[in-house]
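These are the residues of each chain, in order.
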Amino acid sequence: MSFIDLVNERARKSLRNIVLPEAEEERTLRAADAVLERGLAQITLVGNEERVREKARSLGITREFSIVDPEKAE
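Residues numbered from 1 in each chain as written. Predicted model: local features only at pLDDT ≥ 70, side-chain atom pairs only at ≥ 80, totals over all residues. Heavy atoms only, no water.

## Comments concerning the overall build of the protein
The helix and strand inventory of the protein stands at three helices and three strands. In sequence order, the secondary structure elements of the protein are arranged as α-β-α-β-α-β. By its C-alpha atoms, the protein is 45 × 30 × 15 Å across when sized along the principal axes. Burial status across the protein gives 28% buried among its 74 residues. Of all intrachain contacts in the protein linking residues separated by at least 6 positions in sequence, the fraction that spans at least 24 positions is 56%. Counting only carbon and sulfur atoms, one obtains 48% of the accessible surface of the protein, whose full area is about 5400 Å². Computed over 13 positive and 15 negative side-chain charges, the inter-centroid distance for the protein is 6 Å. (Helix = DSSP H or I, 4+ residues; strand = E, 2+ residues; numbered from the N terminus. Buried < 20%, exposed > 50% of the residue type's maximum accessible area, 1.4 Å probe, protein only. Contact = heavy atoms within 4.5 Å. Areas by Shrake-Rupley, 256 points an atom, 1.4 Å probe, with all protein chains shown as cover. Lys, Arg positive; Asp, Glu negative; His and termini not counted. Charge placed at Lys NZ, Arg CZ, Asp CG, Glu CD.)

## Some words on the pattern of salt bridges
The full count for this structure, using the stated rule, is seven salt bridges. Among the salt bridges present, the one from Arg27 reaches Glu22, with a minimum N-O distance of 3.9 Å. A residue is classified by how much of its surface remains accessible, and Glu22, at 49% relative accessible area, is partly exposed. Of the charged contacts in the structure, one is a salt bridge between Glu49 and Arg53, with a shortest N-O distance of 3.1 Å. Highlighted residues: Glu49 and Arg53, both in helix H3 (residues 49-58), separated by four residues, approximately one helical turn. Judged by relative accessible area, Glu49 falls into the partly exposed class, the value being 33%. (Salt bridge = Lys/Arg side-chain N within 4 Å of Asp/Glu carboxyl O.)

## What about the nonpolar core?
In terms of nonpolar packing, the biggest core is built from 14 residues, with Leu29, Ile43, Leu45, Val52, Ile61 and Phe65 touching the most fellow members. Listing elements by their share of this core, those giving two or more residues are helix H2 (26-38), strand S2 (41-46) and H3. Aside from chain neighbours lying at most four places away, what touches Leu45 is Leu20, Ala23, Thr28, Leu29, Ala32, Val52, Phe65, Ser66, Ile67 and Val68. (Core = buried A, V, L, I, M, F, W, Y, C linked by side-chain atoms within 4.5 Å.)

## Some details on the pairing of strand S1 (residues 16-20)
Note: S1 against S2, five bridges, orientation parallel. Counted as the bridge partner of Ile18 is Ile43 from S2. Taking the sense of rotation as the criterion, the β-α-β connection linking S1, H2 and S2 turns out right-handed. (Pairing = 2+ DSSP bridges. Right-handed = clockwise from strand over helix to strand, strands pointing away.)

Written out as structure tokens, the structure is:
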């Protein structure tokens, strides 16, 4: 088993939540999608919920993300 495989396996066993800012950025959305697809962590995106979901749709990302909108959060 390679080093990366070992790291991935450990991540799956101790599922953590990763909070990602700049959620409207393509690279952020693609990274979040990849992490969720591999089951490596839970993801929370920070940004305007409507714009984040629209950007994800435009990129063909259909996975559901937890999104915290700082303008609406308590």
